[in-house]
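Overview (structure and organization)
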Amino acid sequence: MGGTLLNMITVAIGSLIGLVIGDRLPQKIQQSVITGLGLVTLFVGVSNAGKTGNIIIPLISLVGGVIIGELLDLDSKLERFGGWLQKRFGGGSGDNADARARFITGFVTASLVFCIGPLTFVGSMQDGMGLAIGYQQLAIKSVLDGFAAVAFAASFGLGVMFTLITILVIQGGLAVIGGALGAILTTPMINEMTAAGGLMLMGLSLILLEIKRPRMANFLPALVIAPLIVAGASALGINVYPL
């Protein structure tokens with residue numbers, strides 16, 4: 001859990017810095033900063049998606065995952081949670097529709113950006129297993145997330161600070177899982193999970209670039225389905241990586 005706590009500290013510091021400088025930055029600069037983050041997120045997503053050994057696996061994972069996510073309405077639940085946080089801690093601006101939307105967008109988008117990616121999953125699980133490399137990976141992630149938190153908080157405001165909750169729940173949960181089950185995760189399973197996450201990051205980049213607003217939280221079950229496909233195929237003796 002040490003890596004998760006470090007990540008929370010850097011995001012908290014970055015968010016505070018962003019909140020301090022946010023109102024001092026012209027709207028045009030804030031928009032350009034978010035566009036830059038969108039481009040970087042797109043690049044990282046494409047890079048991660050390339051980890052797959054068979055594109056059919058992340059394809060099935062995303063399709064199956066989003067069906068489950070839509071049925072469970074995960075995106076709306078996350079937005080409602082963000083709305084509750086805004087009403088409870090948003091400084092009395094709960095009746096301001098623009099402030100509410102800005103808070104929720106910052107919370108949901110930053111939560112997904114911070115909690116999707118290979119460093120999150122592999123690093124958290126290895127950290128939970130007590131491996132030094134896991135902490136090192138989360139230390140790198142913490143620095144990156146800290147800088148991203150500055151930009152997000154400057155543009156979206158206080159909602160970004162509350163991503164500390166999602167980081168604690170998701171990365172902390174993965175660390176616990178890593179301590180219990182990490183040894184059974186194979187490299188192909190991790191690669192396919194990374195690829196599915198990469199495609200999701202590409203979807204998030206569409207939001208940051210203001211191209212489209214897909215309900216990306218509804219795709220989260222794909223991150224579980226991808227390694228299960230690999231594990232199931234291996235158990236049945238099916239080669240999912242044809243030459």
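Located above this text is the structure these notes cover.
Right, let's walk through the structure included here. (Residues numbered from 1 in each chain as written. Predicted model: local features only at pLDDT ≥ 70, side-chain atom pairs only at ≥ 80, totals over all residues. Heavy atoms only, no water.)

1. Digging into the packing of helix H1 (residues 2-22) against helix H8 (residues 163-181)
When two helices pack together, their arrangement is given by the angle between the helix axes and by the axis-to-axis distance. As a packed pair, H1 and H8 sit with axes 10 Å apart at the nearest point and diverge in direction by 165°. On the basis of their axis angle, the class for H1 and H8 is roughly antiparallel. Crossing handedness for the pair H1 and H8: right-handed. Every residue of H8 that contacts H1 at Thr4, Asn7, Met8, Val11 and Ala12 is listed here: Thr163, Leu164, Ile167, Leu168, Gln171 and Gly172. Counted by class, the contact of H1 with H8 contains six nonpolar, five polar and no charged residues. (Axes fitted to C-alpha atoms, helices over the stretch in contact; angles between N-to-C directions. Helix = DSSP H or I, 4+ residues; strand = E, 2+ residues; numbered from the N terminus. Parallel < 35°, antiparallel > 145°, perpendicular 65-115°, else oblique. Left-handed = near helix turned anticlockwise from the far one by under 90°. Contact = heavy atoms within 4.5 Å. Nonpolar A, V, L, I, M, F, W, Y, C, P; charged D, E, K, R; others polar.)

2. A look at the packing of helix H3 (residues 56-72) against helix H9 (residues 187-208)
Where H3 meets H9, the axes come as close as 9 Å, and the angle between the chain directions of the two elements is 60°. Considering the angle they form, H3 stands oblique to H9. Handedness of the H3/H9 crossing: right-handed. For the pair H3 and H9, contact is made by Ile57, Pro58 and Leu62 and by Glu192, Ala195, Ala196 and Leu199, respectively. Residue classes in the contact of H3 with H9 are distributed as six nonpolar, no polar and one charged.

3. Side note on the nonpolar core
If you look at the biggest cluster of nonpolar residues, it comprises 46 residues, and the most contacted ones within it are Phe114, Phe152, Val160, Leu204 and Met216. If we ignore the near neighbours within four places in the chain, the residues touching phenylalanine 114 are Val11, Thr120, Lys141, Asp145, Ala148, Ala149, Phe152, Val160, Thr163, Ile167 and Gln171. With five residues, the next largest nonpolar core counts Ile57, Met189, Ala233 and Val240 among its residues. (Core = buried A, V, L, I, M, F, W, Y, C linked by side-chain atoms within 4.5 Å. Buried < 20%, exposed > 50% of the residue type's maximum accessible area, 1.4 Å probe, protein only.)

4. Observations concerning the pattern of salt bridges
Applying the stated criterion across every chain yields a total of two salt bridges. For the salt bridge of glutamate 70 with arginine 215, the shortest nitrogen-to-oxygen distance reads 3.1 Å. Taken together, the residues glutamate 70 in helix H3 and arginine 215 in the loop between H9 and helix H10 (222-235) connect sequence positions 145 residues apart. Where aspartate 145 meets lysine 141, a salt bridge forms, and the shortest distance between an N and an O atom there is 2.5 Å. Here lysine 141 and aspartate 145 lie together in helix H7 (residues 132-156), a separation of four residues that amounts to about one turn. Overall, the relative accessible area of 4% leaves lysine 141 in the buried class. (Salt bridge = Lys/Arg side-chain N within 4 Å of Asp/Glu carboxyl O.)

5. Considerations on a nonpolar patch on the surface
On the surface, a cluster of nonpolar side chains totalling about 780 Å² of accessible area is made up of Met1, Leu5, Phe81, Trp84, Phe89, Ile165, Leu168, Val169 and Ile170. Taken together, the elements giving at least two residues each to the nonpolar patch come down to helix H4 (74-89) and H8. Ranked by residues supplied to the nonpolar patch, first place goes to H8 with four residues. Here isoleucine 170 is to be found in helix H8. Under the relative-accessibility criterion, isoleucine 170 is labelled partly exposed at 33%. (Patch = residues over 30% accessible without salt bridge, like charges linked within 9 Å, V, L, I, M, F, W, Y side chains within 5 Å. Areas by Shrake-Rupley, 256 points an atom, 1.4 Å probe, with all protein chains shown as cover.)

6. With respect to the environment of isoleucine 67
With respect to the helices and strands, the residue isoleucine 67 is situated in helix H3. You can call isoleucine 67 partly exposed: its relative accessible area is 48%. For the pair isoleucine 67 and valine 230, spaced 163 residues apart in sequence, the C-alpha separation works out to 20 Å.

7. Focus on the side chain of aspartate 75
You can see aspartate 75 is positioned in helix H4. Of the side chains bearing the opposite charge, arginine 215 lies closest to the buried aspartate 75, which forms no salt bridge; the N-O distance is 5.8 Å. Each residue touching aspartate 75, except ones within four places of it in the same chain, is listed here: Arg215, Met216, Ala217 and Asn218. (Lys, Arg positive; Asp, Glu negative; His and termini not counted.)

8. Quick notes on the packing of aromatic side chains
Going through the model one piece at a time under the given rule, you end up with seven aromatic pairs. Measuring from ring centre to ring centre gives 5.7 Å for phenylalanine 103 and phenylalanine 162, while their planes differ by 45°; the resulting arrangement is tilted. One end of the pair, phenylalanine 103, is in helix H5 (residues 97-115); the other, phenylalanine 162, is in the loop between H7 and H8, with 59 residues separating them in the sequence. Judged by relative accessible area, which is 15%, phenylalanine 162 ranks as buried. Summarising the aromatic geometry, the rings of phenylalanine 114 and phenylalanine 152 are spaced 6.1 Å apart at their centres and angled 75° between planes, so their arrangement reads as edge-to-face. Of this pair, phenylalanine 114 sits in helix H5 while phenylalanine 152 is found in helix H7, placing the two residues 38 residues apart along the sequence. As far as burial versus exposure is concerned, phenylalanine 114 and phenylalanine 152 are alike and both buried. (Phe/Tyr/Trp six-rings, centres within 6.5 Å; stacked < 30°, edge-to-face > 60°.)

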